[in-house]
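Tertiary structure, described
Chain residues, written in single-letter form:
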Amino acid sequence: MQCEACQLKPAEMHVKKVVDGTIQLLHVCTECADTNGLDDVAPGTLEAAQLMPHLADELLLADHAEEAGPNHHCGTCGLSTEEFRSTGRFGCEKCYSRFGDALRLGLSRMHRGLSHVGKTPRLAADSNSAGSGRQSRAGQLQEELARAIAAEDYERAAAIRDRIGRLKMTPPGRHSGCAAP
Amino acid sequence: MKLEMSAKLAAQSVPWLHEQARDSDVVLSSRVRLARNLTGIPFPSRAAQQQREALFHDLSQLSGALHAISPLLVAEVPDLSDIDRQVFRERHLISQKLCEKGKGSGVVVDDSQSLSMILNEEDHLRIQAISPGLDLSAAWRRVDALDNELAQHRTFAFDKTLGYLTACPTNVGTGMRASAMMHLPGLALSGMIPRVCRAGCQLGIAVRGQFGEGTEAVGHIFQLSNQATLGETEVDIIARLEGIFRQLVWSERNARRNLLAKRRNELLDVVGKAYGRLRYGYMLSSKEAVNQLCDLRLGACLGVLPGLNADGIGDLIAAVLPGHLQLGAGCALSGSERAAFRARTIREKLAAKGTSAA
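Residues numbered from 1 in each chain as written. Chains lettered and ligands numbered in written order. Predicted model: local features only at pLDDT ≥ 70, side-chain atom pairs only at ≥ 80, totals over all residues. Heavy atoms only, no water.

Notes on the overall build of chain B
We count it as follows: Put simply, DSSP H or I for four residues or longer makes a helix, DSSP E for two residues or longer makes a strand, and each gets a number counted from the N terminus. The reference for a compact globule is 2.2 Å times residues^0.38; the radius of gyration itself is calculated from the C-alpha atoms. Under the scheme applied here, a residue whose accessible area is under 20% of the maximum for its type counts as buried, over 50% as exposed, and between as partly exposed, the area being computed with a 1.4 Å probe on protein chains only. Note on contacts: a residue pair is in contact if any heavy atoms of the two residues lie within 4.5 Å.
Counting secondary structure elements, chain B contains 13 helices and 10 strands. Taken over C-alpha atoms, the radius of gyration comes to 21 Å for chain B, in line with the 21 Å a tight globule of 358 residues would show. Over its C-alpha atoms, taken along the principal directions, chain B stretches across nearly 65 × 50 × 30 Å. Looking at chain B residue by residue over its 358 residues, the buried ones come to 60%. Residue pairs in contact within chain B that sit at least 24 positions apart in sequence constitute 72% of those at least 6 positions apart.

Here it is as structure tokens:
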């Protein structure tokens, strides 16, 4: 088999590449692979997200065919069902409510439930600088503690541990919504 | 040739390749990224050019005033040369997808080079942190702090049921993808990778090799990440992943010990031949170089090559990728010139290390 890029040398590498959302198998020689950046070590060439167009059909379920029909458009950004099917990407935040009902079951299959339980912008903004400063300070101290223990400097380790204890005792100014693990 | 941007980066070695980091014999790096969009503006694919440019300007300006990030550089895609783009990609600071964008898309890189804000790729904003070894919590703390600070200044697209709204429904909810880059030669040589992939699938973890699926992983390096972003808190996702990754580290070490005990000659052959090709080769493609350097890394981690430790092998892997290699050469090179220059770089490095294969 000949290299598909230069048509000269024998193809030695068979790589999968996502081109415009579809997976293509490319047969190339090592030099062309090198030139085209097909053999760099950046992983994640085939992100699950890039397979979205294939999943879009499954997402927009048949029993919502009318609602998700080809002539259905998002009133805000104008994205049509057809466009969503071809790219697997939404055009704006309002698309979620436009296409939302049709999406529900698909999303529940893809994720672990249908409700967001993680951090929220309000809690994020409320975790005032004192709180997050405290958090990062505690993190820093933990790292210092680990280093002191590794260096067998137990006197220093004890002092750092006491400082962490004091930091934890002082009540935060405001509730921080997203504590670090 | 204008190489200001990547030269600025290369002044510092790749920050997430530390051989002394936690579990670094198996885990090269841990990465956490958050996808965010500003409310009231269409996602980048539907936004007007003017909107994208205004957003880039706005967020890159804002980044200069934040505490959680101190920008080393702000780069808009058209400002980056081809080699710059490769170097940025090899350092995992930007994606191929971002490189395909034009004005209004770009990146803000923190002083540490392990924290960055990617602007107007698929979403308005991606916040990403990388830490060496297995330490997702450290990476999470950094993206969380930056996200908190940004939330005080800008309003993100958010729905109380669906969470953070993202261009791709696979990211909706937390918008968080947490991943580890793992070196799994022990499991690969024992034929266990298909089992790892199957187990990962059952646990909601995507396992990707170099070119995506399963077996074609260059250097037996795999990237593992969470699939679901909705229905679990960020902290829970990270705790779950760290638990599973720790198990996998244990399995990999076990597999390496097993190989050493039961198939010692086979293992030494892999490591020894890798050393031979690297030490005496005159033409090396980047794929071949990475493969052999990873085998050498395995030998160093197991201590089967006298005088050879893992120190510097990680840096060498980064240095021989096409972008870094050409940056080191100071000019653009053709494919065969690269292969020769790469082989020379490695020969000299290994000669300097003064190692003799067992």
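The discussion continues.
Description of the sheet that holds strand β3 (residues 106–110) of chain B
Residue and element names in this part refer to chain B. Convention followed: When DSSP finds two or more bridges between two strands, those strands count as paired. Throughout, an axis means a line fitted to C-alpha atoms (over the contacting stretch in the case of helices), and angles, computed between N-to-C directions, take values from 0 to 180 degrees.
Pairing in this open sheet of eight strands is antiparallel, and the strands run β2-β3-β4-β5-β1-β8-β10-β9 from one edge to the other. The open sheet has two free edges, formed respectively by β2 (71–76) and β9 (205–208), since each of these has just one partner strand. Pairs of neighbouring strands in the sheet enclose a mean axial angle of 15 degrees, with direction left out of account. Taken together, the four bridges between β3 and strand β4 (residues 115–119) define a ladder with antiparallel strand orientation. Each bridged residue has a counterpart across the sheet, and for V109 the counterpart in β4 is S116. In the packing of helix α7 (residues 193–202) onto the sheet, contacts are made with β9 and β10 (221–226), and the angle to β9 comes to roughly 150 degrees.

Digging into the packing of aromatic side chains
Here is the rule: Pairing of aromatic side chains here covers Phe, Tyr and the six-membered ring of Trp, requires ring centres within 6.5 Å, and sorts the geometry by plane angle: under 30 degrees stacked, over 60 edge-to-face, intermediate tilted. Two limits define a charge over a ring: the Lys NZ or Arg CZ must be within 6 Å of the ring centre, and within 35 degrees of the ring normal.
Within the structure shown, the criterion is met by four aromatic pairs over all chains. A ring pair is formed by A:F84 and A:F90, whose centres lie 4.5 Å apart and whose planes are at 10 degrees; its orientation type is stacked. The exposure class of A:F84 is buried, given its relative accessible area of 0%. With relative accessibility at 0%, the residue A:F90 sits in the buried group. Ring geometry for B:F156 against B:Y164: centres 6.4 Å apart, planes inclined by 65 degrees, an arrangement best described as edge-to-face. For B:F156, a relative accessible area of 5% puts it in the buried group. Residue classification places B:Y164 among the buried residues on the basis of a relative accessible area of 1%. Over the aromatic face of B:Y164 sits the side chain of B:R36, whose NZ or CZ is 3.4 Å from the ring centroid. Just above the ring of B:Y282 sits the side chain of B:R347; from NZ or CZ to the centre is 3.7 Å.

A look at the state of the cysteines
All names here are of chain B. Rules: Disulfide assignment relies on a single distance test, namely cysteine sulfur atoms paired within 2.5 Å.
Inspection of every chain in the model, using the stated rule, returns zero disulfides over all chains. In this structure C301 is a free cysteine whose sulfur lies 10 Å from that of C294, the closest cysteine sulfur available. Residue classification places C301 among the partly exposed residues on the basis of a relative accessible area of 31%.

Quick notes on the nonpolar core
All names here are of chain B. Here is the rule we go by: Only buried residues count toward a nonpolar core. Its members are Ala, Val, Leu, Ile, Met, Phe, Trp, Tyr and Cys residues joined through side-chain atoms within 4.5 Å.
With 50 residues, the main nonpolar core has V32, L150, M182 and F245 as its most contacted residues. Not counting residues up to four positions away in its chain, the partners in contact with F245 are L134, L136, S179, A180, M182, I205 and L224. Listed in part, the 31 residues of the second largest apolar core include V271, A289, L296 and A343.

Side note on the pattern of salt bridges
Note the following rule: The working definition used for a salt bridge is a side-chain nitrogen of Lys or Arg within 4 Å of a carboxyl oxygen of Asp or Glu.
Taken as a whole, this structure holds 24 salt bridges over all chains when the rule is applied. With its nearest N and O atoms 3.9 Å apart, the salt bridge here joins A:D162 to A:R161. Judged by its relative accessible area of 53%, A:R161 is exposed. With its nearest N and O atoms 2.7 Å apart, the salt bridge here joins B:E122 to B:K97. Separated by 25 residues along the polypeptide, B:E122 in the loop between β4 and β5 (125–132) and B:K97 in helix α4 (residues 96–99) bring together distant segments of the chain. Exposure remark for B:E122: the relative accessible area of 9% places this residue in the buried category. Taking the relative accessible area as the measure of exposure, B:K97 reaches 27% and is therefore partly exposed.

Looking at the environment of B:R36
Quick reminder of the rule: Residues adjacent in sequence count toward polar contacts only when both atoms are side-chain atoms; beyond that, a polar contact is any pair of N or O atoms within 3.5 Å, and within protein one must be able to donate a hydrogen and the other to accept it.
By secondary structure assignment, the location of B:R36 is in strand β1 (residues 27–36). As for B:R36 and B:P306, which are separated by 270 residues in sequence, their C-alpha atoms are 49 Å apart. Every residue in contact with B:R36, bar those within four places of it in the chain, is listed here: A:K119, B:D123, B:H124, B:L125, B:D147, B:F156, B:Y164, B:T174 and B:G175. A polar contact is formed between the side chain of B:R36 and the backbone oxygen of B:T174, at a distance of 3.1 Å.

What about the packing of helix α10 (residues 286–302) of chain B against helix α13 (residues 335–353) of chain B?
All names here are of chain B. Put simply, the rule reads: Just so you know how the angles are binned, under 35 degrees is roughly parallel, over 145 roughly antiparallel, 65 to 115 roughly perpendicular, and the rest oblique. Here a crossing is taken to be left-handed if its near helix is turned anticlockwise relative to the far helix by less than a right angle, and right-handed if that turn runs clockwise. Gly counts as polar in this scheme, as do all residues outside two lists: the nonpolar Ala, Val, Leu, Ile, Met, Phe, Trp, Tyr, Cys and Pro, and the charged Asp, Glu, Lys and Arg.
Two elements in contact, α10 and α13, have axes whose closest approach is 11 Å; the angle formed by their N-to-C orientations is 20 degrees. Between α10 and α13, the angle falls in the class roughly parallel. You can see that α10 and α13 cross each other, and the crossing is right-handed. Counted together, S286, A289, L293 and L296 of α10 and R342, I346 and L350 of α13 form the full contact between these two elements. Of the residues assigned to the contact of α10 with α13, the class counts are five nonpolar, one polar and one charged.

Looking at the side chain of B:N37
Residues and elements named next belong to chain B. Mapping N37 onto the fold places it in the loop between β1 and α2 (49–63). Of the polar contacts made by the side chain of N37, one reaches the side chain of D123; its length is 2.9 Å. Ignoring any residue separated from it by four or fewer positions in sequence, one finds N37 in contact with F43, P44, D123, H124, T155, F156, A157, L165, T166 and A167.

Side note on helix α5 (residues 136–153) of chain B
Cut-off, in case you're wondering: Expected helix span is taken as 1.5 Å per residue step, with the number of steps being one fewer than the number of residues.
Compared with the 26 Å implied by 1.5 Å per residue over 18 residues, the 26 Å span of α5(B) between its first and last C-alpha is a close match. The buried fraction of α5(B) amounts to 13 of the 18 residues, a majority that puts the element mostly inside the structure.

So, unusual backbone geometry
Negative phi values dominate among residues other than glycine, just as trans dominates among peptide bonds. All names here are of chain B. In this structure, D23 takes a positive phi of about 55 degrees despite not being glycine. With a phi close to 60 degrees, H92 is a non-glycine residue in the positive phi region. Inspection of the secondary structure assignment puts H92 in the loop between α3 (82–90) and α4. When its relative accessible area of 8% is taken as the criterion, H92 is described as buried.

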